[in-house]
Amino acid sequence: MKVGISTATFFLKELTENTFSVIQRCGGETCEVFLTTYSEYEPDFADLLVERKGNVDVYSVHSLNTQFEPQLFNLAPRTRSEAEGMFRKVLAVGQKLGAQVYTFHGLSRLKRNAYFNPETVGMRMRELGETAREYGISLCLENVHWATFNTPSFYAEMKKYSEGCGCVLDIKQARQSGYDWREYLDVMAGTLKNVHLSDVDENGEITMVGRGVFPFGELIERLTDVGYDGPLIIEQYAKNYDGYGEVAQSVEYLKNLIGGNL
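What you are looking at is a predicted structure, and each value in this text was computed from that prediction instead of being measured.

Comments concerning the overall build of the chain
At step 1: Of the regular secondary structure elements, the chain holds nine helices and 10 strands.
At step 2: Relative to the globule expectation of 18 Å for 262 residues, the C-alpha radius of gyration of the chain, 18 Å, shows essentially globular dimensions.
At step 3: Principal axes of the C-alpha set define a box for the chain whose edges measure 50 × 40 × 30 Å.
At step 4: Within the chain, buried positions represent 53% of all 262 residues.
At step 5: Considering only residue pairs separated by 6 or more positions, the chain has 78% of its internal contacts joining residues 24 or more positions apart.
At step 6: For the chain, the computed accessible surface area is about 11,700 Å², with 47% contributed by carbon and sulfur atoms.

Considerations on the environment of L257
At step 1: The topology assignment puts L257 in helix α9 (residues 244-258).
At step 2: Residues L257 and I220 lie 37 residues apart in sequence; the distance between their C-alpha atoms is 8.2 Å.

Details of the environment of L223
At step 1: Within the secondary structure, L223 is located in helix α8 (residues 216-225).
At step 2: When its relative accessible area of 0% is taken as the criterion, L223 is described as buried.
At step 3: In this structure the C-alpha to C-alpha distance between L223 and V195, which are 28 residues apart in sequence, comes to 9.5 Å.
At step 4: Setting aside its immediate chain neighbours within four residues, L223 contacts M1, L185, L192, V195, Y228 and L232.

Some words on the packing of α8 against α9
At step 1: Interaxial distance between α8 and α9 falls to 10 Å at its minimum, and their mutual angle equals 55°. For the element pair α8 / α9, the angle class is oblique. Crossing handedness for the pair α8 and α9: right-handed. Note on element contacts: α9 touches α8 through Y253, L254, L257 and I258, opposite F216, G217 and I220.
At step 2: Looking at the contact of α8 with α9 residue by residue, the classes come out as six nonpolar, one polar and no charged.

Notes on helix α7 (residues 181-188)
At step 1: Along α7, the positions that sit buried rather than exposed are W181, Y184, L185, V187 and M188. One side of α7 holds all its buried residues, which, seen down the axis, span an arc of 165°.
At step 2: For α7, the secondary structure elements touched by its buried residues are α5 (152-158), β6 (166-170), α6 (171-177), β7 (192-197) and α8.
At step 3: Positive phi appears at G190, one or two residues downstream of α7, with a value of about 95°.

Description of the packing of aromatic side chains
At step 1: Within the structure shown, the criterion is met by 14 aromatic pairs.
At step 2: On the numbers, 6.2 Å between centres and 85° between planes, the contact of Y38 with Y41 is edge-to-face.
At step 3: For Y38, a relative accessible area of 44% translates into the label partly exposed.
At step 4: Just above the ring of Y241 sits the side chain of K13; from NZ or CZ to the centre is 3.8 Å.

What about the sheet that holds strand β1 (residues 3-6)?
At step 1: On the basis of which strands lie adjacent, the closed barrel formed by eight strands has the order β1-β2-β3-β4-β5-β6-β7-β10 and parallel pairing. Strand-to-strand twist across the sheet, computed as the mean angle between neighbouring axes with direction ignored, equals 30°.
At step 2: Its contacts with the sheet put α7 on β6 and β7, and the angle it makes with β6 is roughly 165°.

Quick word on the pairing of β6
At step 1: Buried residues dominate β6, accounting for five of its five residues.
At step 2: Relative to β6, strand β5 (residues 138-142) is paired through three bridges, and the arrangement is parallel. For L141, the partnering residue across the bridge sits in β6 and is C167.
At step 3: Crossover connection from β5 via α5 to parallel β6: handedness right-handed.
At step 4: By the bridge criterion, four bridges tie β6 to β7 in an arrangement that is parallel. Bridging from a neighbouring strand, C167 pairs with L192 of β7.

Basis of the calculations
Residues numbered from 1 in each chain as written. Predicted model: local features only at pLDDT ≥ 70, side-chain atom pairs only at ≥ 80, totals over all residues. Heavy atoms only, no water. Helix = DSSP H or I, 4+ residues; strand = E, 2+ residues; numbered from the N terminus. Rg over C-alpha atoms; globule rule 2.2 N^0.38 Å. Buried < 20%, exposed > 50% of the residue type's maximum accessible area, 1.4 Å probe, protein only. Contact = heavy atoms within 4.5 Å. Areas by Shrake-Rupley, 256 points an atom, 1.4 Å probe, with all protein chains shown as cover. Axes fitted to C-alpha atoms, helices over the stretch in contact; angles between N-to-C directions. Parallel < 35°, antiparallel > 145°, perpendicular 65-115°, else oblique. Left-handed = near helix turned anticlockwise from the far one by under 90°. Nonpolar A, V, L, I, M, F, W, Y, C, P; charged D, E, K, R; others polar. Arc of directions from axis to C-beta. Phe/Tyr/Trp six-rings, centres within 6.5 Å; stacked < 30°, edge-to-face > 60°. Lys NZ or Arg CZ within 6 Å of the ring centre and 35° of its normal. Pairing = 2+ DSSP bridges. Right-handed = clockwise from strand over helix to strand, strands pointing away.

See the structure below:
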């Protein structure tokens, strides 16, 4: 397993195109590029990212999904078509960067009683996954408490219909959903392509990886048991740390765990 960092970790501290050098300084071995606005989906911005990234490996891309991803499921042809255009733009950026995975949220659960049919969603995911493969990218649905994949049971049913798609485990989102991360991992086995990490203290507040109480050693063991060999991507909020040295410490902590030094 490699240790990576999401560019979202530096949101409001660095522009997306300036994060690669910071990721290198922090010891990141790979990264997820989080595109944060419409202009960042454009081809000229993709070219800028390629120019700036140097030798930094880009494993995955992530959009500001509420801008268009929910509309990919809209029944209105014009609405869906325009969303598909945005989707292809993000995929094209990912292709230029050499990304393997698209971290996807899909629909938003704006109402507490929102119901999404697992079969309907899964079949649409399969269609979108076929589009992603045109760009050499795997479409992967992330567990997010306010979006499509909010419970383990939903994914267990949906994945029957979304052949060719994968998933992303986010341990913070699992906690916010009210389910144990192990329950998510159980239903993700065989389709897991990406993992997002942060830590939590004894009061339930998000903190930097390695500074809280989350059992990362157990997580790594369980990931190995289900055959996962992809990266561990640190995805923190900028308010979780004061200096980049703290991000570097989190990277080193995970590397030591993977190497059996802790």
